[in-house]
Amino acid sequence: MSFRKIDIDAYDEDVLLEGELCEPDPRDPAQVLSDAKQKQAAVRSTLARGDIPGALGIALESIPYGPNVEEAKNLTLQTVVSILNSTKSSDIISVVKALSQDTQDTLMKYLYKGMGMPGWGDVSGSVLLGWHEKLTEVAGTGCIVRVMTDRRIV
C-alpha cells in the first residue's frame, strides 16, 4: 500500500468533522423537503397578494441546513430568488427594514449562495448585487461578518 493512499485523518484524534461544527437539522430529510415545498406554495400565494416582506419571512423561516437536504436547500434558494426578482428596486430598502436581524442574516446567506451558484450570476446577478447593496446599507457590515462566521450553511 502506498503511503499516499492512507487516510491519515482516520488516525488523527484532533480531526474536526463537519457534524461537529454545528448541530445537524433535527428534522428528517423527507420532512425538510416537504416543508420546503409547502413554503414555496405559501410564498406564491403571498406574492400574489403583493406582500413581499411576508413572502420573505415565510421563505426564510426554519431554513434547511446540514447534510442530506440538498434538494430542499436548492428549492428554498429558488423560492428566495423568485421573491427577489419580483421586487421593485425602489421597494428593497423598506422590505429589508421590515425583516428581523436574524432574517436579514439568513437573506444574506442566500444572496451569497445565489452568487456562488454556477450560471445563477448570469440570470439574476444584478438583482442579487442590488439586494446585497441595500441589505448591507440597512444591516451594516456586521451582517456580512455574522454570515461568514456562521457554520450553518444554507
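Residues numbered from 1 in each chain as written. Predicted model: local features only at pLDDT ≥ 70, side-chain atom pairs only at ≥ 80, totals over all residues. Heavy atoms only, no water.

**Topic: the overall build of the chain**
Counting its regular elements, the chain contains eight helices and zero strands. Its helices and strands in sequence order give the chain the pattern α-α-α-α-α-α-α-α, from N to C terminus. Judged by the C-alpha coordinates and their principal axes, the chain covers about 65 × 35 × 30 Å. Split into buried and exposed, the 154 residues of the chain put 36% on the buried side. The contacts of the chain with a sequence gap of at least 6 include a subset with a gap of at least 24, amounting to 75%. Roughly 9300 Å² of accessible area belongs to the chain as shown, and the carbon and sulfur atoms make up 52% of that amount. Taken as two groups, the 16 positive and 22 negative side-chain charges of the chain have centres that lie 7 Å from each other. (Helix = DSSP H or I, 4+ residues; strand = E, 2+ residues; numbered from the N terminus. Buried < 20%, exposed > 50% of the residue type's maximum accessible area, 1.4 Å probe, protein only. Contact = heavy atoms within 4.5 Å. Areas by Shrake-Rupley, 256 points an atom, 1.4 Å probe, with all protein chains shown as cover. Lys, Arg positive; Asp, Glu negative; His and termini not counted. Charge placed at Lys NZ, Arg CZ, Asp CG, Glu CD.)

**Remarks on the side chain of aspartate 105**
By the secondary structure assignment, aspartate 105 is in helix 6 (residues 101–116). Given a relative accessible area of 9%, aspartate 105 falls into the buried group. If we ignore the near neighbours within four places in the chain, the residues touching aspartate 105 are Cys143, Arg146 and Val147.

**Overview of helix 4 (residues 70–85)**
Taking 1.5 Å of rise per residue, the 16 residues of helix 4 would be expected to cover 22 Å, and the 22 Å separating its terminal C-alpha atoms lies within 8% of that figure. Those residues of helix 4 lying buried are Ala72, Lys73, Leu75, Thr76, Leu77, Thr79, Val80, Val81, Ile83 and Leu84. (Expected span 1.5 Å × (residues − 1).)

**Concerning the nonpolar core**
Ranked by internal contacts, the top residues of the largest apolar core, which has 27 residues, are Leu56, Leu84, Leu107 and Trp131. Only helix 3 (52–59), helix 4, helix 5 (92–97), helix 6, helix 7 (120–139) and helix 8 (141–149) provide two or more residues apiece to this core. No other element matches the five residues that helix 4 contributes to this core. Val32, Ala36, Ala72 and Leu75 belong to the second-largest nonpolar core, a separate cluster that totals six residues. (Core = buried A, V, L, I, M, F, W, Y, C linked by side-chain atoms within 4.5 Å.)

**A word on empty space enclosed by the protein**
Per the counting criterion, the structure on display carries one cavity of 30 Å³ or more. Reported here for the largest cavity is a volume of approximately 30 Å³. Along the walls of the largest cavity sit Ala36, Lys39, Gln40, Ala59, Thr76 and Thr79, which together make up its complete lining. Contributing elements (two or more residues each) for the lining of the largest cavity: helix 2 (29–48) and helix 4. Among the residues forming the lining of the largest cavity, the class breakdown is two nonpolar, three polar and one charged. (1 Å grid on protein atoms, 1.4 Å probe; cavity = no way out; pocket = protein on both sides within 12 Å on 5 of 7 lines; lining within 4 Å. Points joined across faces, edges and corners; volume = space filled by probe spheres on them. Nonpolar A, V, L, I, M, F, W, Y, C, P; charged D, E, K, R; others polar.)

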